[in-house]
2 protein chains.
Amino acid sequence: MAGKEKESVSLLIQGAWVLTLNQRREVFAPGAVALKGEEIVAVGPAADLKARYRAAQVLDYPQGLIIPGLINAHTHAAMALFRGLADDLPLEEWLNSHIFPAERHLNRDFVYWGTKLAVAEMLLSGTTTFCDMYLFADAVAQAAAECGIRAVVGEVLYDFPSPNYGPPAAGLSFSEGLCRTWRGHPLVRVAIQPHAVYTCSPDLLQQCGELADKYDTRLIIHLSETQKEVADCEARYGATPVGHLHGLGLLTSRLVADHAVALTKADLELLAASGAGVAHCPESNMKLASGIAPVGELLSRGVPVGLGTDGCASNNNLDLLQEMDTAAKLQKVRYLDPTVLPAPAALELATRGSARVLGLAREVGALAPGMKGDLVVIDLDQPHLTPIYDPYSHLVYAAGGADVQTVLVHGRVVVQDRLLMTFDLEETLARARELAREMK
Amino acid sequence: MAGKEKESVSLLIQGAWVLTLNQRREVFAPGAVALKGEEIVAVGPAADLKARYRAAQVLDYPQGLIIPGLINAHTHAAMALFRGLADDLPLEEWLNSHIFPAERHLNRDFVYWGTKLAVAEMLLSGTTTFCDMYLFADAVAQAAAECGIRAVVGEVLYDFPSPNYGPPAAGLSFSEGLCRTWRGHPLVRVAIQPHAVYTCSPDLLQQCGELADKYDTRLIIHLSETQKEVADCEARYGATPVGHLHGLGLLTSRLVADHAVALTKADLELLAASGAGVAHCPESNMKLASGIAPVGELLSRGVPVGLGTDGCASNNNLDLLQEMDTAAKLQKVRYLDPTVLPAPAALELATRGSARVLGLAREVGALAPGMKGDLVVIDLDQPHLTPIYDPYSHLVYAAGGADVQTVLVHGRVVVQDRLLMTFDLEETLARARELAREMK
């Protein structure tokens, strides 16, 4: 010790286990993570880090399992206000008689509070980044920034007038404004988000692609969600949705295909060759009876796959721990093979996978020096997580969002011992109840 | 008021909503339940019951959703000690290299503490009755009785020696002893539980049937869990497992078929004609890649269907709220129809359905006068359950076991504000950790 000064760090967090998901997928038990401000400077055995660093703040979880923050690759956060408004209906009736009419009430205030409501749920259940597609994306960005959660936001674009930006032509300039406003923000990124091939003309899609190129950001679209979408696209454009985007020159590593349920063999090959990513939303696809995405085949072809919940109107929660569980089990029963998507692979979807799909792989999705301080502590001191043989198994198959104890985003403690630290939960719940009453 | 005495009850419990699941499926908001000792005496609008009854104890949950206690129709509780021991493996390797060797360590102590561990998880997540199939069923019964949970227990019987009762022939007399010991117990019932058609000779199965008849109890068996089981049974006996039991005269209203995944059209007709019930275990069937049971077709033919989690080695939790969610979504994607198994029907599986399958429909599964006081309060004051439009939807699609606040079994408060009231959780967790260490 003599003559050896300890290095100063802002925060040292220790747990019974650390699953790093780094290049070598190291696991430390007990383990620790050291942070300087927003950045991780070291991850390793707890004893090593305690010997090496003097920390301004120490968080010690002797029964905690530390993992990278979870990343929701596709949602519509403000739809938390529509949760349970209508369920168990045929897709067209659900959309045309319930969701679209409810969305006519939309305004900036509704989206702002709806997003805060969703962010409360996400942070409390271990989600540290979400990718959102919705109207009034400026309100989504504002809510995310205020609440201290990382977000990729985008205004949904289509060939109809929008309650936000007005005529279709104004959507692109609104999106461009968003890109400029939020450029360089530490937490918020803006992506270009045309709704789908059945709501966007080829012209609009190409203009979206150009804008994504101009601002070097992701182009995100609902793609091949249902067999009906595929059949309609083939009838109209003579190609599957994937083939249609390929024909428009939009199937690139910039593209994120949300859902990607109904894929032909040729679609799989096109996706794999393009470098495009997929946001897999298993629970929504089940609830809306869309089908089961061929995740096993996507992964075996090297297609980047992330995990999303979709919005609360079709899930109906934002719990990525439950979503991993469902994803792993659903692929097994799809292929009738229990070895498909084992627990570590399911966790990869919601961390490294989502990060790669969203273009954030250099910042989040793993615990390693140089990465941002986005991490989650799971409380293992509970009957359904005792005893523990394999932390990956417990995380994916036994834990749920309510087992999240503490959460850091960008080096900041945003949830501590199950309490939100960054905004007023009671105010948010009260506003959510008011907005729901007004809608009736 | 003058001249009108209020009637005395032992407990009045009030909530923002009461879902009765009674004959008329009444919902009261706000609602209340009045109990005298173990029995429900009234269910109705909160104001009515407050005017009518003077209660020794009042529990008031202004943001609570009160439902009948959930009923786990099939599990192996003590396998909570094997949770995460081995996952994501082919079925034969999983059983032969991991589960069966681990079960060689079994003794009465292991089953007793494993069951208590599982009961802690079940009570805390809203399960008030479980049907268990395992070795050392006397220890299961003892643990259930001590912890204050309702249980249907049965010693698993097969053609091999058992670490409990020894030679196969001793299994029937052991089961008969159980039936006698627990006759008349307020919480514990004993059923006869042969393991499966591939582990039990036709002789053993028939003797089991006779014993179930003699003690007028359920005959419970794993049945048609996989296509392989069906193919093997056809090769050996020239009949599907359902057909085989029919041939043996065992397909009656006394029979409970656990799993029932791989059913032919003829099997469906036989089951419907017999009055036999099915314990549906969707998450286990997914995780082991067994397939998806045709619950939609079973229900449309009038077959009683309950909901089970199976054991923690193949799920890996005992959370029936999550299991309802998965059940509802899985049937929709199986039939590619979002209207199949809507939220209220999924709740029925885990309450009235399980009660009917287990022969307990006159006691539990609904909140009505004369029924036992088994009920659960869900805490709605949370971001993922706010706002609320439809309590059935929130319960099935958004809530999880951790949202359970208070639980009554047989009129006794067994969980209050998320704390176990009937036994020492810390002691149980400590013993579970010790037993896991010994097993390694």
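Owing to the predicted nature of the structure, the values given are computational and were not obtained by experimental measurement.

### Quick word on the overall build of chain A
Okay, step 1: Check the secondary structure of chain A and you find 15 helices and 18 strands.
Okay, step 2: Its C-alpha atoms give chain A a radius of gyration of 21 Å, near enough to 22 Å, the size a compact globule of 440 residues would have.
Okay, step 3: Within chain A, buried positions represent 66% of all 440 residues.
Okay, step 4: Across chain A, the fraction of contacts at a sequence separation of at least 24, relative to all contacts at a separation of at least 6, is 72%.

### Let's talk about the relation of the copies chain B and chain A
Superposing the two chain copies requires a rotation about an axis and a translation along that axis.
Okay, step 1: Superposing chain B onto chain A takes a rotation of 180° plus a shift of 0.0 Å along the axis, which leaves an RMSD of 0.0 Å. Viewed as a symmetry operation, the transformation between the two copies matches a two-fold axis. Of the C-alpha atoms belonging to chain B, the one lying closest to the rotation axis is found on Ala-402 of chain B, 3.1 Å away.
Okay, step 2: When the interface residues of chain B are mapped onto chain A, 100% of them are again interface residues, pointing to one common binding face.

### Things to note about the domain arrangement of chain A
Residues and elements named next belong to chain A.
Okay, step 1: By domain assignment, chain A separates into domain 1 (7–68 + 368–420) and domain 2 (70–357).
Okay, step 2: Here domain 1 and domain 2 have C-alpha centroids that lie 29 Å from each other.
Okay, step 3: At the interface, 30 residues of domain 1 touch 30 residues of domain 2.
Okay, step 4: Contact with domain 2 buries surface across domain 1, with Leu-21, Val-396 and Tyr-397 losing the most and accounting together for 27% of the total.
Okay, step 5: The salt bridge involving Asp-374 is made with Arg-150; its shortest N-O contact spans 2.8 Å.
Okay, step 6: In this structure, the connection of domain 1 to domain 2 is made through seven residue pairs in polar contact (both at pLDDT 80 or more).
Okay, step 7: For the side of domain 1 that touches domain 2, the elements supplying multiple residues, two or more each, are β5 (53–68), β15 (375–379), α14 (391–398), β16 (404–409) and β17 (412–416).
Okay, step 8: In terms of residue count, α14 provides more of the side of domain 1 that touches domain 2 than any other element does, five residues in total.
Okay, step 9: Partitioned by chemical class, the residues of the side of domain 1 that touches domain 2 number 19 nonpolar, six polar and five charged.

### A look at the interface of chain B and chain A
Okay, step 1: Every contact between the two is made by 61 residues of chain B and, on the other side, 61 residues of chain A.
Okay, step 2: Regarding the contact of chain B and chain A, the summed buried area is about 4,800 Å², with carbon and sulfur atoms giving 63% of it.
Okay, step 3: It is Asp-88, Pro-383 and Tyr-389 of chain B that lose the most area in chain B upon contact with chain A, and together they represent 16% of the buried surface on that side.
Okay, step 4: For the interface between chain B and chain A, the tally reads six salt bridges.
Okay, step 5: A salt bridge links Lys-332 of chain B to Asp-88 of chain A, with the shortest nitrogen-to-oxygen separation between them at 2.8 Å.

### What about the pairing of strand β6 (residues 70–75) of chain A?
All names here are of chain A.
Okay, step 1: Burial runs high along β6: six of the six residues are buried.
Okay, step 2: Here four bridges tie β6 to strand β7 (residues 127–134), and the two strands are oriented parallel to one another. Counted as the bridge partner of Asn-72 is Phe-130 from β7.

### What to know about helix α5 (residues 169–181) of chain B
Residue and element names in this part refer to chain B.
Okay, step 1: Of the residues making up α5, those classed as buried are Gly-171, Leu-172, Ser-175, Glu-176, Leu-178 and Cys-179. Projection of α5 onto a plane perpendicular to its axis shows the buried side chains occupying an angular sector of 155°, all on one side. Along α5, the residues that are exposed and aim more than 90 degrees away from the buried face are Ala-169 and Thr-181.
Okay, step 2: Residues of α5 that are buried sit in contact with α4 (137–147), β8 (150–157), β9 (188–190) and α6 (202–214).

### What to know about the side chain of Thr-115 of chain B
Okay, step 1: Within the secondary structure layout, Thr-115 of chain B lies in helix α3 (residues 108–124).
Okay, step 2: Discounting residues that sit within four places of it in the chain, Thr-115 of chain B has contacts with Ala-77, Ala-78, Phe-130, Val-140 and Ala-143 of chain B.

### Some details on the sheet that holds strand β11 (residues 219–223) of chain B
All names here are of chain B.
Okay, step 1: Ordered by their spatial adjacency, four strands build an open sheet running β11-β12-β13-β14, and the pairing between neighbours is parallel. Only two strands of the sheet have a single partner each, and these edge strands are β11 and β14 (305–307). Neighbouring strand axes in the sheet, compared pairwise and without regard to direction, differ in orientation by 25° on average.
Okay, step 2: Note that strand β13 (residues 277–280) and β14 share three bridges and pair parallel.

### Thoughts on the environment of Leu-123 of chain A
Residue and element names in this part refer to chain A.
Okay, step 1: Summarising the element assignment, Leu-123 is placed in helix α3 (residues 108–124).
Okay, step 2: Given the relative accessible area of 0%, Leu-123 is considered buried.
Okay, step 3: With 54 residues separating them along the chain, Leu-123 and Gly-69 place their C-alpha atoms 9.4 Å apart.
Okay, step 4: In this structure, Leu-123 is in contact with Cys-147, Ile-149, Val-404, Val-407, Val-409, Val-414, Val-415, Leu-420, Thr-422 and Phe-423, ignoring residues within four places of it in sequence.

### Looking at helix α6 (residues 202–214) of chain A
All names here are of chain A.
Okay, step 1: Here α6 spans 18 Å end to end across 13 residues, near enough to the 18 Å set by a 1.5 Å rise per residue.
Okay, step 2: Every buried residue of α6 is accounted for by Leu-204, Leu-205, Cys-208, Gly-209, Leu-211 and Ala-212. Looking down the long axis of α6, one finds its buried residues gathered within 165° of arc, a one-sided arrangement. Projecting away from the buried face of α6 at angles above 90 degrees are the exposed residues Asp-203, Glu-210 and Lys-214.
Okay, step 3: With its phi angle positive at about 45°, Asp-216 sits one or two positions after the end of α6.

### Here's the deal with the packing of aromatic side chains
Okay, step 1: For the coordinates displayed, the defined rule picks out eight aromatic pairs over all chains.
Okay, step 2: Ring centres of Tyr-158 of chain A and Phe-160 of chain A lie 5.4 Å apart, and the angle between their planes is 35°; this geometry places the pair in the tilted category.
Okay, step 3: Here Tyr-158 of chain A falls in the buried class, since its relative accessible area comes to 13%.
Okay, step 4: A residue is classified by how much of its surface remains accessible, and Phe-160 of chain A, at 41% relative accessible area, is partly exposed.
Okay, step 5: Their ring planes at 35° and their centres at 6.3 Å tell us that Tyr-165 of chain B and Phe-174 of chain B sit as a pair that is tilted.
Okay, step 6: Judged by relative accessible area, Phe-174 of chain B falls into the partly exposed class, the value being 22%.
Okay, step 7: Above the face of the Tyr-397 of chain B ring, Lys-287 of chain A is positioned so that its terminal group lies 4.7 Å from the ring centre.

### Considerations on the nonpolar core
Okay, step 1: Core analysis: the biggest nonpolar cluster contains 147 residues, and Ile-13 and Val-33 of chain A have the highest contact counts within it.
Okay, step 2: The greatest single-element share of this core, amounting to 11 residues, is contributed by α3 of chain A.
Okay, step 3: When we break this core down by domain, the ones giving at least three residues each are domain 1 (7–68 + 368–420) and domain 2 (70–357) of chain A.
Okay, step 4: Among all residues touching Ile-13 of chain A, those that are not within four sequence positions of it are Gly-31, Ala-32, Val-33, Leu-35, Leu-59, Tyr-61, Ile-66, Leu-375, Val-377 and Leu-408 of chain A.
Okay, step 5: Leu-135, Val-190, Val-303 and Leu-318 of chain B belong to the second-largest nonpolar core, a separate cluster that totals 146 residues.

### A few points about the pairing of strand β4 (residues 39–45) of chain A
Okay, step 1: In this sheet, β4 of chain A lies alongside strand β3 (residues 31–36) of chain A in antiparallel orientation, the contact comprising six bridges. Pairing of Gly-31 of chain A across the sheet is with Pro-45 of chain A, part of β4 of chain A.

Rules of the game
- Residues numbered from 1 in each chain as written.
- Chains lettered and ligands numbered in written order.
- Predicted model: local features only at pLDDT ≥ 70, side-chain atom pairs only at ≥ 80, totals over all residues.
- Heavy atoms only, no water.
- Helix = DSSP H or I, 4+ residues; strand = E, 2+ residues; numbered from the N terminus.
- Rg over C-alpha atoms; globule rule 2.2 N^0.38 Å.
- Buried < 20%, exposed > 50% of the residue type's maximum accessible area, 1.4 Å probe, protein only.
- Contact = heavy atoms within 4.5 Å.
- Least-squares fit on C-alpha atoms with pLDDT ≥ 70 in both.
- Domains from an automatic or database assignment.
- Buried area = accessible area lost by both parts, 1.4 Å probe.
- Salt bridge = Lys/Arg side-chain N within 4 Å of Asp/Glu carboxyl O.
- Polar contact = N/O pair within 3.5 Å; in protein donor to acceptor, adjacent residues only side chain to side chain.
- Nonpolar A, V, L, I, M, F, W, Y, C, P; charged D, E, K, R; others polar.
- Pairing = 2+ DSSP bridges.
- Arc of directions from axis to C-beta.
- Axes fitted to C-alpha atoms, helices over the stretch in contact; angles between N-to-C directions.
- Expected span 1.5 Å × (residues − 1).
- Phe/Tyr/Trp six-rings, centres within 6.5 Å; stacked < 30°, edge-to-face > 60°.
- Lys NZ or Arg CZ within 6 Å of the ring centre and 35° of its normal.
- Core = buried A, V, L, I, M, F, W, Y, C linked by side-chain atoms within 4.5 Å.

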